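The residues making up each chain are set out below.
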Amino acid sequence: MRKQSFIFVIVALSLIVLLPDTLAYDRYNSGCQNCHGAFTDGTSTKGSTFPSDNKHEMHRSSSSMNTECNLCHTSGDQRNPYIGSSSGTSNNVGLGCVGCHGRTEDGGNDGISNGYGAGLRQHHYNSGETSCTFCHTDANPTNYTPVGEDVTPPYYGTVDTLADMPCNADASANTNENWTVNGTEGTDNDGDGSYDMNDTDCSGPALTPAETTNLLVTAHDQSSRIVTIAYDNPWSCVDNNAFYSGLLSQVSSHTWSSNNCTVGNTGTYGMPYAEGSDSIFFVIVGYAGSLEGSYGRHTNGSGGERPQAGLCTQSQDLSNPCDLIP
């Protein structure tokens with residue numbers, strides 16, 4: 001009797017799962033709190049003291065950074081913001097935390113919000129967090145090269161937040177990009193370990209005019225209703241000036257009643273005023289080519305930049321003013 005042989009072929013099926021390149025925690029409470037504490041407490045790895053001892057209040061309070069909630073949050077996220085996304089506003093696409101704390105990458109996309117996050121990676125790595133897999137699935141964040149410290153993050157200087165000026169030239173509390181109670185240091189935006197004006201990215205040639213200084217009324221002609229104003233203009237990059245004035249009763253709302261966009265660079269200007277006007281406030285703002293400089297800072301305690309009038313055609317850029325030339 002013929003014996004039959006059976007050959008069993010065992011085929012091993014391998015299930016290959018292509019995992020997404022999860023580059024970092026997707027939300028604050030996914031792991032960031034392990035080092036930085038709850039978003040609603042005062043824990044700080046740098047020893048910073050926050051207003052109300054609360055990081056969340058520092059970001060949202062109208063007396064501090066005054067940031068629009070939807071820059072950081074998605075509806076219903078329970079104060080647990082997403083790192084790389086948010087609802088956004090009519091003025092800003094929602095980028096989440098990296099809209100301020102990330103930086104775009106030069107020449108590539110690191111997978112978080114179209115390139116944001118490279119600076120945050122480098123900051124952690126250069127601060128000694130070299131065990132990358134604690135936060136990331138990819139092991140080498142040094143492959144990501146952020147843009148320089150002087151490049152403004154997407155949210156800075158917009159109507160949705162008072163965070164501004166990555167070089168943090170005015171080293172004061174509660175202004176620019178520093179909103180802590182006890183410090184003057186801003187953010188290491190590009191992650192190289194150098195902060196603010198100590199970063200070589202911030203010490204290049206001046207691009208924009210500083211605020212004009214030493215305004216002085218030198219004459220008053222009552223018959224022609226002209227007040228002559230002298231102003232000191234020591235900044236080499238300023239090549240023209242604009243003049244703005246308004247009623248002192250409307251200074252808090254920055255309501256302008258008179259402006260001249262080209263008063264020249266001679267250091268004096270004859271300001272006309274209407275008969276019966278009450279007290280007047282005025283500023284002279286420097287130009288560098290097509291860029292308008294600073295209107296000075298609020299004296300109401302906030303210390304933030306006065307808003308641009310928008311009455312002249314120049315765009316405003318405060319990232320590298322003349323008075324910061326080494």
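All of these numbers come straight from a predicted model, not from anything done at the bench. (Residues numbered from 1 in each chain as written. Predicted model: local features only at pLDDT ≥ 70, side-chain atom pairs only at ≥ 80, totals over all residues. Heavy atoms only, no water.)

## Thoughts on the state of the cysteines
(1) Moving on: Tallying each qualifying case throughout the model produces one disulfide.
(2) Moving on: Put simply, cysteine 261 and cysteine 312 are joined by a disulfide, and their sulfur atoms are 1.9 Å apart. Disulfide cysteine 261 to cysteine 312: torsion about the S-S bond roughly -90°, handedness left-handed. Remark: cysteine 312 occurs in the loop between strand 7 (291-292) and strand 8 (315-316) and cysteine 261 occurs in the loop between strand 4 (258-260) and strand 5 (268-272); sequence separation between them is 51 residues.
(3) Moving on: Under the relative-accessibility criterion, cysteine 261 is labelled partly exposed at 23%.
(4) Moving on: Between cysteine 72, a free cysteine, and cysteine 97, which holds the nearest cysteine sulfur, the sulfur-to-sulfur gap is 5.9 Å.
(5) Moving on: Among the residues examined, cysteine 72 registers a relative accessible area of 14% and is labelled buried.
(6) Moving on: When its relative accessible area of 17% is taken as the criterion, cysteine 97 is described as buried. (Disulfide = S-S within 2.5 Å. Helix = DSSP H or I, 4+ residues; strand = E, 2+ residues; numbered from the N terminus. Buried < 20%, exposed > 50% of the residue type's maximum accessible area, 1.4 Å probe, protein only.)

## Observations concerning unusual backbone geometry
Glycine aside, residues mostly have negative phi, and peptide bonds are mostly found in the trans state.
(1) Moving on: Of note in this structure, serine 52 is not a glycine but carries a positive phi near 60°.
(2) Moving on: Position of serine 52 among the secondary structure elements: in the loop between helix 1 (33-36) and helix 2 (55-60).
(3) Moving on: Residue serine 52 is classed as exposed on the basis of its relative accessible area, which comes to 66%.

## A closer look at the nonpolar core
Side chains of a nonpolar character, in soluble globular proteins, are inclined to be buried together.
(1) Moving on: Ranked by internal contacts, the top residues of the largest apolar core, which has 18 residues, are Cys32, Met58, Met65, Ile83, Tyr155, Ala163 and Trp179.
(2) Moving on: With near-sequence residues (within four places) excluded, tyrosine 155 lies in contact with Leu71, Ser86, Asn92, Val93, Gly94, Leu95, Gly96, Gly99, Cys100 and Thr161. (Core = buried A, V, L, I, M, F, W, Y, C linked by side-chain atoms within 4.5 Å. Contact = heavy atoms within 4.5 Å.)

## Thoughts on the sheet that holds strand 3 (residues 240-247)
(1) Moving on: Taken in spatial order, the five strands of this open sheet run 4-3-6-7-8, and their pairing is mixed. Only two strands of the sheet have a single neighbouring strand rather than two, namely strand 4 and strand 8.
(2) Moving on: Note that strand 3 and strand 6 (residues 280-288) share eight bridges and pair antiparallel. In the strand pairing of strand 6, alanine 242 is matched with valine 285. (Pairing = 2+ DSSP bridges.)

## A word on the side chain of serine 48
(1) Moving on: On the secondary structure map, serine 48 appears in the loop between helix 1 and helix 2.
(2) Moving on: Apart from the residues lying within four places of it in its own chain, the contact partners of serine 48 are Gly42, Thr180 and Asn182.

## Remarks on the environment of cysteine 132
(1) Moving on: Relative to the helices and strands, cysteine 132 resides in the loop between helix 4 (118-126) and strand 1 (213-221).
(2) Moving on: When its relative accessible area of 8% is taken as the criterion, cysteine 132 is described as buried.
(3) Moving on: Taking the C-alpha atoms as reference points, cysteine 132 and arginine 121, eleven residues apart in sequence, are found 9.0 Å from one another.

## Notes on the pairing of strand 5
(1) Moving on: Only one face of strand 5 is covered, namely the face carrying Tyr269 and Met271; the face carrying Thr268, Gly270 and Pro272 is uncovered.
(2) Moving on: Note that strand 2 (residues 226-232) and strand 5 share five bridges and pair antiparallel. For threonine 228, the partnering residue across the bridge sits in strand 5 and is glycine 270.

## Structural notes on the environment of serine 224
(1) Moving on: With respect to the secondary-structure elements, serine 224 resides in the loop between strand 1 and strand 2.
(2) Moving on: In sequence terms serine 224 and tyrosine 273 are 49 residues apart; their C-alpha atoms lie 9.1 Å from each other.

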